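Breakdown of the fold
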Amino acid sequence: MLRKVLLLCCILYSCLVNRSMAQPAGERPVYTSKWGYLYREAGNNNDPLGVFITEAPIYLLDSTNMQYKVQVSNGDIGFIDQQPLKKFMDGKKSAGEPAKYFYRGVEGYQCPHYYVQVAELRVRKAPTTTSLAVRRASLNELLCIDYVPLYTDGWVYIGDHFHENPEYVQLKFLGSVLTYDKVLKDYLAVKGMDQEKELAQVGRLRELAWRESKNLKPALSYWKESYAAYGLENPKVDIDFELLVASRLEKYIGYEAYEKKMKTLDFYFVWQGLSLVDGEIKDAQMNQLKMQRVADIPDMPECGWEPRYFYKAPNLIVAFEENYKKKIVGTVYKLYFTDGEILVIGNERMDANYTERDFIDHFGDMVSANMIEEPHVYRMQNGDAGQFIITFKDGKLFRYECMYYC
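Quick notes on the rules
- Residues numbered from 1 in each chain as written.
- Predicted model: local features only at pLDDT ≥ 70, side-chain atom pairs only at ≥ 80, totals over all residues.
- Heavy atoms only, no water.
- Helix = DSSP H or I, 4+ residues; strand = E, 2+ residues; numbered from the N terminus.
- Rg over C-alpha atoms; globule rule 2.2 N^0.38 Å.
- Buried < 20%, exposed > 50% of the residue type's maximum accessible area, 1.4 Å probe, protein only.
- Contact = heavy atoms within 4.5 Å.
- Areas by Shrake-Rupley, 256 points an atom, 1.4 Å probe, with all protein chains shown as cover.
- Lys, Arg positive; Asp, Glu negative; His and termini not counted.
- Charge placed at Lys NZ, Arg CZ, Asp CG, Glu CD.
- Pairing = 2+ DSSP bridges.
- Axes fitted to C-alpha atoms, helices over the stretch in contact; angles between N-to-C directions.
- Phe/Tyr/Trp six-rings, centres within 6.5 Å; stacked < 30°, edge-to-face > 60°.
- Salt bridge = Lys/Arg side-chain N within 4 Å of Asp/Glu carboxyl O.
- Arc of directions from axis to C-beta.

1. What to know about the overall build of the chain
Of the regular secondary structure elements, the chain holds 8 helices and 26 strands. The globule rule puts the C-alpha radius of gyration for 406 residues at 22 Å, and the 27 Å found for the chain is more than 25% above it. Taken along its principal axes, the extent of the C-alpha atoms in the chain is 80 × 60 × 40 Å. Counting only residues that meet the buried cut, the chain has 48% of its 406 residues in that class. Partitioning the contacts of the chain with sequence separation of at least 6, the portion at a separation of at least 24 is 56%. Accessible area of the chain: about 21,600 Å², with a carbon and sulfur share of 50%. Separation of charge centres in the chain, based on 50 positive and 55 negative side chains, amounts to 3 Å.

2. Quick notes on the sheet that holds strand β18 (residues 309–313)
In space, the 8 strands of this open sheet follow the order β17-β18-β19-β20-β26-β25-β24-β23, with antiparallel pairing throughout. Two strands lie at the open edges of the sheet, namely β17 (292–294) and β23 (368–370), each paired on one side alone. Each strand axis lies, on average, 25° off the axis of its neighbour in the sheet, ignoring direction. Judged from the 7 bridges that link them, strand β19 (residues 316–322) and strand β20 (residues 328–336) form a sheet pairing that is antiparallel. Note on β20: the bridge partner recorded for L316 is L335.

3. Observations regarding the packing of aromatic side chains
Within this structure, the stated rule accounts for 19 aromatic pairs. For the ring pair F267 and F269, a centre distance of 6.0 Å and an interplane angle of 85° mean the geometry is edge-to-face. Per residue, the accessibility class of F267 equals that of F269, and both read buried. A ring pair is formed by F359 and F392, whose centres lie 5.3 Å apart and whose planes are at 45°; its orientation type is tilted. Here F392 lies in strand β25 (residues 386–393) and F359 lies in helix α8 (residues 356–363), a separation of 33 residues in the sequence.

4. Quick look at the pattern of salt bridges
Summed over all chains, the structure comprises 19 salt bridges. As a salt-bridge pair, E242 and R206 come within 2.8 Å of each other at their nearest N and O atoms. Of the two residues, E242 is situated in helix α5 (residues 239–249) and R206 in helix α3 (residues 195–212); the sequence distance between them amounts to 36 residues. Taking the relative accessible area as the measure of exposure, R206 reaches 11% and is therefore buried. Across the pair E250 and K217 runs a salt bridge whose closest N-O atoms are separated by 3.6 Å. One end of the pair, E250, is in the loop between α5 and α6 (255–264); the other, K217, is in helix α4 (residues 216–229), with 33 residues separating them in the sequence. A single salt-bridge network, built from bridges that share partners, covers E55, K86 and D90.

5. Re the environment of V156
The topology assignment puts V156 in strand β12 (residues 155–157). Separated by 110 residues in the primary sequence, V156 and D266 place their C-alpha atoms 53 Å from one another. Once you skip the residues sitting within four places of it in the chain, V156 turns out to touch N74, I145, Y147, P149, E167, Y168, V169, L171 and L174.

6. A look at the environment of L265
In this fold, L265 is placed in the loop between α6 and β15 (267–271). Aside from chain neighbours lying at most four places away, what touches L265 is I345, G346, F363 and M366.

7. A closer look at α8
Those residues of α8 that fall on the buried side of the exposure criterion are E356, F359, I360 and F363. Viewed end-on, α8 has its buried residues packed into an arc of 95°, placing them on one side of the element. Where α8 is buried, its residues meet α5, β21 (342–345), β22 (348–350), β24 (374–382) and β25.

So, to be careful, I would describe these as geometric facts and stop short of saying anything about function.
Here it is, written out as structure tokens:
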């Protein structure tokens, strides 16, 4: 029976025999039943290419009396010792699976994983540095791993299971989770001694501080000191502005004080001479603005809030729903500041010329921000229902959105 299964697998995957890249999108692999080594040559168990987990996805290419020729997830082709192969995964691991290669977390049942240890790591579409970069991985991002190459500069596959959206990174940029204290210690050890290492470590400090929303001012101060010491500038980072933002975030007024302050501020929009007040917008105003009524908005996230209908213009979307008094009222869902639109918060009348610095000066103690994941995007609480999201571009007000919690 096993021979019939193997023969069928060989027929299904024979098209892969001469491939040097990873598996084709959408095709289904078989799975190992225990962990083991991928060997470079048949019968030579002294020259391993890499090591694979229990239930590693593989493509069966050929077989010998004692081994199978297979392709693993990152595209490596080699030989594994014969073992029962499975058509499905059930989350098991085999005895002796080495935690050195396959750490499964403190509970022991997570996917084997590593963490990204460098800032702005490029994730590639194929296992080569010349391939397209599809995104940048986050520092400390957890990446599930099913095969670890044992040679220099090896790649690991981190994309979706059937390679419909393939993603690869090099193993040398992965490791254990980083903490701020550990990176600070490593930074201080090389400060003033090794420029390349110092700038790499201070870049990690800055990113960790923004992601954790703590240690911001000291981390950014270290960043500024190190770049200044070497007479360098980073065109992607306005460190003085980030220090300003950090100083304002540090003075966040807290939820209760925030709620009281918001009630004292008039929060509304002005467009073409009309005032649009959240929760009080009427059909008549939409008709006066000559906005188009539509049944739905493409790509609107589903968060349990289902307005009955929408009005839209090229720069504005207003969503309507029935309130508790059975009245149909609307809220500004999205607004681009391109045609004289104004957002009014208290005494601040904010249009396309309103600066990011002015916003931080006036409202920095009421917002949250992350300059790594969402640079120049600020979030303000909308009661316990959601958030107002205000985005700046090139230092000027660009977009307003509202979001409701799922």
